[in-house]
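Chain residues, written in single-letter form:
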Amino acid sequence: MGFIDVIKERAKSNKKTIVLPETEDRRTYEAAAQILKEGIANVVLVGSEEEVKKGSEGLDISGAVIVDPAASDKTAGYIDKLVELRQKKGMTPEQAKEILLNQYLYYGVMMVKMGDADGMVSGACHSTADTLRPCLQILKTKPGTKLVSAFFLMAVPDCEYGANGTFVFADSGLNQNPNPEELAAIAASSAESFQLLVQEEPVVAMLSHSTMGSAKHADVDKVVEATKIAKEQNPELKLDGEFQLDAAIVPSVGQSKAPNSPVAGKANVLIFPDLDAGNIGYKLVQRLAKAEAYGPVTQGIAKPVNDLSRGCSAEDIVGVVAITAVQCQAE
Ligand SMILES: CC(C)(COP(=O)(O)OP(=O)(O)OC[C@H]1O[C@@H](n2cnc3c(N)ncnc32)[C@H](O)[C@@H]1OP(=O)(O)O)[C@@H](O)C(=O)NCCC(=O)NCCS
Ligand SMILES: CC(=O)OP(=O)(O)O
């Protein structure tokens, strides 16, 4: 079984309820039909009966729950709660009502916040910034976590590297230019996510254009500092750096460029120095190596809510929903 098949089986073993708010997008219905058919999760679609009927024409989504913000008796409570949460930022009851009746993404986040759904997946037709901003504003970080970050689960076909071709790539979605402390936090969270989702020991590489001092630059210094912090804060973790990508994942190159590192050549969690590298890197592997790419999956947020690339397929949405359901099981 491939990575995503295992995740789907885990999701089915203890079904969770996931909101899909993007009912203006046909891929949402195609994914919902597949999720229901396979029994991966209970599905909530946000929209009017009429919108959903029109958008899902020809698909069997009869098992989905449809929640219409304009008709639901929960909406008034969501408005009050949103005002309470965002009052200090200037949110008025009128604004909260306008947002919740018209922006289904916000409605989905409020359903999760209020415990009316376990998790949410959105982002097929909203940018990452527009998807994650309301999640961060309303749900906030998990207790004990300062930074929310985002990763991709990459399943590369016919690949002997990583965990049989499965990797976590981080941060590929959220933090644009993390400082050393933030990069160290991203590494620690990514190791935890890898353990939860891949169920193998994480081996974490801090990536750079330099391996163990082979290049000199402020960008390299940042990764060296992040590696030092991450090691100090997580002495139990298999984590090392700084590495070029080949030294991190290819055993023979790791052996020649960093012979004394327990991580070189064996990494399955790749920590990119910034979002340019992380986002470009995952898209290169997805498009050129034809890897499955699931995400951006968030970590460090108070409840499981995950994003999608606007370039995603319905099958990608199904995969991210299954991953979200497994994160919900771990809550
Ligand atoms: C997500 C993003 C939009 C947030 O930035 P922003 O719009 O400037 O919003 P703010 O900085 O005001 O943050 C909004 C809230 O989220 C919180 N927040 C932002 N980033 C956070 C993080 N990484 N961890 C925890 N909380 C965070 C802020 O504290 C703030 O909370 P508050 O409103 O209660 O004070 C921004 O980080 C971003 O654009 N990231 C890149 C996304 C992207 O384009 N990715 C590429 C494609 S995948
Ligand atoms: C993850 C990502 O790159 O998202 P989008 O394609 O929506 O910008």
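In what follows, the structure referred to is the one given above.
Residues numbered from 1 in each chain as written. Chains lettered and ligands numbered in written order. Predicted model: local features only at pLDDT ≥ 70, side-chain atom pairs only at ≥ 80, totals over all residues. Heavy atoms only, no water.

A. Seen up close, the site of ligand 1. In the vicinity of ligand 1 there are 18 residues, among which Arg86, Lys89, Arg133, Lys140 and Gly173 approach most closely. Contact distances for ligand 1 include 2.7 Å between an oxygen atom and a side-chain N or O atom of Arg133. In this structure, Val148 approaches ligand 1 through a main-chain N or O atom, which is 2.9 Å from a nitrogen atom. For ligand 1, whose accessible area on its own is 940 Å², the fraction buried by protein is 65%. (Near = heavy atom within 4 Å. Polar contact = N/O pair within 3.5 Å; in protein donor to acceptor, adjacent residues only side chain to side chain. Areas by Shrake-Rupley, 256 points an atom, 1.4 Å probe, with all protein chains shown as cover.)

B. How the structure looks around the pairing of strand S5 (residues 149-155). Of all seven residues in S5, seven are buried; the element is thus mostly enclosed. Residues Ser149, Phe151, Leu153 and Ala155 point to one face of S5 and Ala150, Phe152 and Met154 to the other, with burial holding for every one of them. Bridge count for S5 against strand S10 (residues 292-299) is six bridges, and the pairing is antiparallel. Opposite Met154, over in S10, you have Ala293 as the bridge partner. Bridge analysis of S5 against strand S6 (residues 166-170) gives five bridges, and the strand direction is antiparallel. Opposite Ala155, over in S6, you have Thr166 as the bridge partner. (Buried < 20%, exposed > 50% of the residue type's maximum accessible area, 1.4 Å probe, protein only. Helix = DSSP H or I, 4+ residues; strand = E, 2+ residues; numbered from the N terminus. Pairing = 2+ DSSP bridges.)

C. A look at the site of ligand 2. Taken together, Thr128, Phe152, Asn279, Tyr282, Lys283, Pro296, Leu308, Ser309 and Arg310 make up all the residues around ligand 2. The contact in question runs from an oxygen atom of ligand 2 to an N or O atom on the side chain of Thr128, over 3.5 Å. Separating an oxygen atom of ligand 2 from a side-chain N or O atom of Asn279 is a distance of 3.1 Å. The protein chains hide 86% of the 260 Å² of surface that ligand 2 would expose on its own. With three residues, the top contributor of residues to the shell around ligand 2 is helix H12 (residues 275-288). Partitioned by chemical class, the residues of the shell around ligand 2 number four nonpolar, three polar and two charged. (Nonpolar A, V, L, I, M, F, W, Y, C, P; charged D, E, K, R; others polar.)

D. Main features of a nonpolar patch on the surface. There is a patch of nonpolar side chains on the surface, built from Ile280, Leu284 and Leu288 and spanning about 340 Å² of accessible area. Structurally, Ile280 is set in helix H12. Take Ile280: its relative accessible area is 51%, and that puts it in the exposed class. (Patch = residues over 30% accessible without salt bridge, like charges linked within 9 Å, V, L, I, M, F, W, Y side chains within 5 Å. Salt bridge = Lys/Arg side-chain N within 4 Å of Asp/Glu carboxyl O.)

E. Broad picture of the sheet that holds strand S1 (residues 17-20). The strand order across the open sheet built from five strands is S3-S2-S1-S4-S11, with neighbouring strands paired in parallel fashion. With one partner strand each, in any of the chains shown, strand S3 (65-67) and strand S11 (305-306) form the two edges of the open sheet. One ladder, built from four bridges, connects S1 with strand S2 (residues 42-46); its direction is parallel. By the bridge assignment, Thr17 is partnered in S2 with Asn42. Along the sheet, helix H6 (residues 104-113) contacts S1, S2, S3, strand S4 (119-121) and S11; its crossing angle with S4, the most-contacted strand, is approximately 160°. (Contact = heavy atoms within 4.5 Å. Axes fitted to C-alpha atoms, helices over the stretch in contact; angles between N-to-C directions.)

F. Summary view of the pattern of salt bridges. Going through the model one piece at a time under the given rule, you end up with 13 salt bridges. The salt bridge partner of Asp130 is Arg133, with a shortest N-O separation of 3.1 Å. On the criterion of helical spacing, the pair formed by Asp130 and Arg133 is a turn pair, its members being three residues apart in helix H7 (residues 128-139). Close ionic contact of Glu232 with Lys228 constitutes a salt bridge, the shortest N to O distance being 3.8 Å. Note that Glu232 and Lys228 are positioned in helix H9 (residues 218-233) at a spacing of four residues, about one turn of the helix. Here Glu232 falls in the exposed class, since its relative accessible area comes to 56%. One network of salt bridges, in which partners are shared, links Lys8, Glu38 and Glu315.

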